[in-house]
Amino acid sequence: MGDCFGWSDFWTHALTKLGYEVWEPVSNAEIMQKTWAKEKGFQYNKQTWLTDITKAQVKFFKPDVLFVDDYSTFNKDFLLDLRQSCPSIKLILGWCGAPYYDASVFLAYDIVLSNIPELVIDFQKSGHKAKYFRHAFDPRVSIKINELAHKNESIVIPCSFIGSIFAGKSAHNERAILIQKLIEDVDIAVFSDIYRIRSEDVVLIGIKRIVYDIIKSLSKNHSIREILQQIPKIRAYVESSSRPSLPPQLNSTIVNQAKPPVFGLEMFQSLYNSQVTLNNHIDLSRNSASNMRLFEATGVGTCLVTDWKENLYELFEADHEVVTYRSNEECVEKIKWLLDNPKEREKIAKSGQIRTLRDHTFDKRAVYLDLIIKETIKDLSTKG
């Protein structure tokens, strides 16, 4: 949280100002969680310590509202059981801002919040109560990185891209094509956790395929299939409908260019050091400007170049507060122009920062979140 990673303690800071008492347990911080359990004299199963301790913490805190932003670790059964064992809970808020694989978890939420309008529509069509909820920026980040900048000699990065590049359905395919072109035409630094095939990966996938084929063959016998399904590590093979395979590969140009990923304050510092930074939305967000980078980059005062989206005007004024592009060629052209025109670039960067600090802070979003919480609890009590 001190490193400003992810949402850090941003919600605690903003909601406390509105009179909320907030606790943000970090469920996978093993040492911290087990220390808490020891201090409280709580006994947990060594295999399921994460969920056991989290459940105990929720029961200890007795919240009215549970805000769950991890829809993979905490599944439907866990949340339904938690609700039964912790009667203080009046509302479960869920967050989803990326592709998901198990939609059943959303049945345990009273309402799903998402920064992607397309996802909100999908949830509503599936019968879930869902609302559009934008990302935000915490101004305290700027104070921390400015302090770092005074202590360390700033390294100027002409143009940067900081984020994920995953190939595959609804991932970053358009982004990968654009970044490949930028690498060829512009001086761009790419900070990303790029998957690189290792020889051991090839061997391992070969073994997994052999195991898969054997299990599928044995599973044709109904009795054997039932036995295999009782074995945890084998069950996945039994239920899978596709042979194991390596993740989709990115173009070698990107793989060779990419630097290690940066997170937290190091990420914000890299944005701050960039004269221009690129934004390009996940394929899932087809028509909407929605991701965190919009506010992270502008928040620290960097000139943001982002893909044009239908709703962008609701967030920023195009080519005044952020720079937009509608094609890869236009993106290259505008980045080159910005690098050649520092006064105009700095003017846009400053305007974008002013807009974010005025309209897109966690304090602003907390007011709307408070409204959602109160309205949803009222609706639930009326129906109940």
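(A) Here's a closer look at the overall build of the chain. A tally of helices and strands in the chain yields 16 helices and nine strands. What you see for the chain is a C-alpha radius of gyration of 23 Å, in line with the 21 Å of a compact globule of 384 residues. The principal-axis extent of the C-alpha atoms belonging to the chain is close to 70 × 55 × 45 Å. Per-residue burial for the chain yields a buried fraction of 43% across its 384 residues. In the chain, the proportion of contacts linking residues at least 24 apart, taken out of those at least 6 apart, comes to 66%.

(B) Representation of the pairing of strand β2 (residues 91-95) within the structure. With five of five residues buried, β2 is to be regarded as a mostly interior element. Neither face of β2 is open: one carries Leu91, Leu93 and Trp95, the other Ile92 and Gly94, and all of them are buried. Two strands pair when backbone bridges link them, and strand β1 (residues 65-68) and β2 are joined in this way by four bridges, in the parallel orientation. In the sheet register, leucine 66 faces β2, and the bridge partner there is isoleucine 92. For the crossover that starts at β1, traverses helix α4 (residues 76-85) and ends in the parallel β2, the hand is right-handed. The sheet contact formed by β2 and strand β3 (residues 111-114) spans three bridges and is parallel. In the strand pairing of β3, leucine 93 is matched with isoleucine 111.

(C) Up close: the side chain of serine 160. Note that serine 160 resides in strand β5 (residues 157-162). Here the side chain of serine 160 touches serine 274 through a polar contact of 2.8 Å, side chain to side chain. If sequence neighbours within four positions are ignored, serine 160 has contacts with Ile188, Ala189, Phe191, Ser274, Val276, Thr277 and Leu278.

(D) Structural detail: the environment of tyrosine 132. Mapped onto the fold, tyrosine 132 is located in strand β4 (residues 130-132). Sequence separation between tyrosine 132 and asparagine 287 is 155 residues; the distance between their C-alpha atoms is 14 Å. When neighbours within four sequence positions are excluded, tyrosine 132 is seen to be in contact with Ser114, Asn115, Pro117, Val120, Ala289, Asn311 and Tyr368. A polar atom in the side chain of tyrosine 132 sits 3.3 Å from the side chain of arginine 134.

(E) The arrangement of the sheet that holds strand β7 (residues 274-279) in detail. Pairing is parallel across the open sheet formed by five strands, whose spatial order is β6-β5-β7-β8-β9. Looking at strand neighbours, the two that pair on one side only are β6 (188-191) and β9 (323-325), the edges of this open sheet. Strand-to-strand twist across the sheet, computed as the mean angle between neighbouring axes with direction ignored, equals 25°. Bridging between β5 and β6 involves four bridges; their strand directions are parallel. Paired with isoleucine 162 across the two strands is phenylalanine 191, which belongs to β6.

(F) Molecular detail of helix α5 (residues 117-125). Turning to α5, its buried residues number three or more, namely Pro117, Glu118, Leu119, Val120 and Phe123. Looking at the packing, one finds that the buried side of α5 touches β3 and β4.

(G) Quick peek at the packing of helix α3 (residues 49-61) against α4. Between α3 and α4, the shortest axis-to-axis distance is 10 Å and the interhelical angle comes to 35°. The two elements α3 and α4 meet at a crossing, and its hand is right-handed. Facing Thr51, Thr54, Lys55, Val58 and Lys59 of α3, the residues of α4 in contact are Phe78, Asp81, Leu82 and Ser85.

(H) Looking closely at unusual backbone geometry. Even without glycine at this site, cysteine 4 takes up a positive phi of about 60°. Tracing the backbone through its elements, the reader meets cysteine 4 in the segment before α1 (10-16). The exposure class of cysteine 4 is buried, given its relative accessible area of 4%.

(I) Quick peek at the pattern of salt bridges. All chains considered together, the criterion is met by 18 salt bridges. One salt bridge in this structure joins arginine 83 and aspartate 110, with 2.4 Å as the shortest N-O distance. Within this pair, whereas arginine 83 is found in helix α4, its partner aspartate 110 is found in the loop between β2 and β3, the two being separated by 27 residues in sequence. Given a relative accessible area of 24%, arginine 83 falls into the partly exposed group. With its nearest N and O atoms 4.0 Å apart, the salt bridge here joins aspartate 379 to lysine 129. Here aspartate 379 is found in helix α16 (residues 362-383), whereas its partner lysine 129 is found in the loop between α5 and β4, with 250 residues between them in sequence. Owing to a relative accessible area of 34%, aspartate 379 belongs among the partly exposed residues under this scheme.

How each quantity is defined
Residues numbered from 1 in each chain as written. Predicted model: local features only at pLDDT ≥ 70, side-chain atom pairs only at ≥ 80, totals over all residues. Heavy atoms only, no water. Helix = DSSP H or I, 4+ residues; strand = E, 2+ residues; numbered from the N terminus. Rg over C-alpha atoms; globule rule 2.2 N^0.38 Å. Buried < 20%, exposed > 50% of the residue type's maximum accessible area, 1.4 Å probe, protein only. Contact = heavy atoms within 4.5 Å. Pairing = 2+ DSSP bridges. Right-handed = clockwise from strand over helix to strand, strands pointing away. Polar contact = N/O pair within 3.5 Å; in protein donor to acceptor, adjacent residues only side chain to side chain. Axes fitted to C-alpha atoms, helices over the stretch in contact; angles between N-to-C directions. Left-handed = near helix turned anticlockwise from the far one by under 90°. Salt bridge = Lys/Arg side-chain N within 4 Å of Asp/Glu carboxyl O.

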